[in-house]
Amino acid sequence: MGTTRLRRPPAPTDAERARSVATRGGTAALVGTGAPRPVVPLVHHLQADGSAVLLLDDDTPVLEQLHTSGRGEIPVMLELTDHAPVDLREPVRGLLWITGWLRVPDAESARRTALQVADVRPHPRLLDLGHGATLARLDPGSAVLADAEGTASLAPVDLAAARPDPFCRMEHRWLSHLEEAHPDVFTALARHLPPPLRVTPGARVRPLGIDRFGLRLRVETPTGDHDVRLAWPSEATTVPELRTQLGLLVGCPFRAAGEARSAEEQGSA
């Protein structure tokens, strides 16, 4: 006798979602350092090889631990928090924990690394390097991702090989503009929700995320929150393709394409 299995909509891989979390930036904190509170870096950036670059205030106790360590390195965990693009009741939509060894490179290597970071993610605090701030490098040993798609353990090689979603940098401004200027888009999308959610009194459909495979919605109800993934009819890899897929999903291609174009313009402004 056969069994029936629920087919889940396609989604980016665990490693791709983790890389997207890191690329968006979010908030970061070093935990497990022995300090009474998490250490918040002045700047954080995940490099292509999976290592994390952290600019730390010179007064940070973790630097003293590094200087007094006989090995010149200490085990730490970097926690990256991914927030929703709009003001939700539960704003955290994902967490990425990277565990590894924290080291301080020599001055020349630190300056070279800071310039590499500035090329892809300019930040004024990078100018503080050597003037009240120290650059440290976290070499990963493992990583764990937790988001609406599930929880997954990742090897450093997986994190290094993955690429972020092509829309991960634009989704925050794009989706926040859609909800503010075109709320009827989400009213139209509600027809794709599971039947129990469609008829729940007081339910509100909110944007949660977007990627090349589809759209993620948060349905806020009086009794709790529910996350739903809606798949595009076809995978989107460019902004024009994304506009087309959203139009098809909304059900009014010409109107939705115009609203998506307006949101894109707002996001790139």
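Here goes a summary of the coordinates provided. As a convention, each chain's residues are numbered from 1 in the sequence order in which they are written. Selection of residues for local features in this predicted model requires a pLDDT of at least 70, selection of side-chain atom pairs for listing and counting requires 80 or more, and totals for whole chains, interfaces and linings are taken over all residues. Heavy atoms throughout the structure, all of them, feed into the side-chain values; hydrogens and water do not.

Some thoughts on the sheet that holds strand β9 (residues 214–221)
The antiparallel open sheet is built from three strands, whose spatial order is β8-β9-β10. Each edge of the open sheet is held by one strand with a lone partner, namely β8 (204–211) and β10 (224–231). Adjacent strand axes in the sheet meet at a mean angle of 25° when their direction is disregarded. Sheet topology note: the β9/β10 ladder contains eight bridges and is antiparallel. Residue pairing across strands places R216 opposite R229, the latter belonging to β10. Whether two residues are in contact is decided by their heavy atoms: any pair within 4.5 Å suffices. Here an angle of 0 to 180 degrees is reported between the N-to-C directions of two axes, which are lines fitted to C-alpha atoms, with helices fitted over the stretch in contact. In this description a helix means any DSSP run of H or I spanning at least four residues, a strand means any run of E spanning at least two, and both kinds are numbered starting from the N terminus. Its contacts with the sheet put helix α5 (residues 171–181) on β8 and β9, and the angle it makes with β8 is roughly 155°. For two strands to be treated as a pair, DSSP must find no fewer than two bridges joining them.

Points about the pairing of strand β7 (residues 150–154)
In the sheet, strand β6 (residues 133–147) pairs with β7 via five bridges, with the strands oriented antiparallel. By the bridge assignment for β7, V144 is matched with S153. Between β6 and β7, which follow one another and run antiparallel, lie two residues.

Here's the deal with the environment of L56
Its location among the elements puts L56 in strand β3 (residues 52–57). Throughout this description, buried means an accessible area under 20% of the type-specific maximum (1.4 Å probe, protein chains only), exposed means over 50%, and partly exposed covers the range between. Judged by its relative accessible area of 0%, L56 is buried. Sequence separation between L56 and G141 is 85 residues, and the spatial gap between their C-alpha atoms is 21 Å. When near neighbours in sequence (up to four residues on either side) are disregarded, L56 contacts L30, V39, P41, L42, V62, L63, G132, A133, T134 and A136.

Side note on the side chain of R212
By the element assignment, R212 lies in the loop between β8 and β9. Within the structure, the side chain of R212 is placed 3.4 Å from the side chain of E16, a separation counted as a polar contact. In terms of polar contacts, R212 uses its side chain to reach the side chain of E235, at 2.8 Å. Filtering out sequence-adjacent residues up to four positions away, R212 remains in contact with P12, E16, D165, P166, F167, W232, E235 and A236. Whenever a nitrogen or oxygen atom comes within 3.5 Å of another N or O atom, the pair is scored as a polar contact, on the condition that within protein one atom can donate a hydrogen and the other can accept it, and that pairs from neighbouring residues in sequence are kept only if both atoms are in side chains.

Observations concerning the environment of T223
Tracing the backbone shows T223 in the loop between β9 and β10. Judged by its relative accessible area of 78%, T223 falls in the exposed class. Considered as a pair, T223 and T200 are 23 residues apart in the sequence and their alpha carbons are 9.7 Å apart.

Brief notes about helix α2 (residues 61–68)
All of the buried residues in α2 are V62, L63 and L66. Buried residues of α2 fall within an arc of 105° about the axis and therefore sit on the same side. Turned more than 90 degrees from where α2 packs its buried face, H67 and T68 sit exposed. In this structure, the buried residues of α2 make contact with β3, β4 (73–83), β5 (92–103) and β6. Arc, as used here, means the arc of the directions from the helix axis to the C-beta atoms.

Regarding the pattern of salt bridges
For this document, the term salt bridge refers to a Lys or Arg side-chain nitrogen within 4 Å of an Asp or Glu carboxyl oxygen. What the rule picks out here adds up to 22 salt bridges. Put simply, R71 and E73 hold a salt bridge, and the shortest N to O gap is 2.6 Å. Given the relative accessible area of 9%, E73 is considered buried. Measuring nitrogen to oxygen at the nearest pair gives 2.4 Å for the salt bridge that ties D139 to R103. Of this pair, D139 sits in strand β6 while R103 sits in strand β5; the two residues are 36 residues apart in sequence, bridging distant segments of the chain. A cluster of three or more residues bridged by salt bridges with shared partners is formed by D49, R71, E73, R103, R137 and D139.

By themselves these figures say nothing about function.
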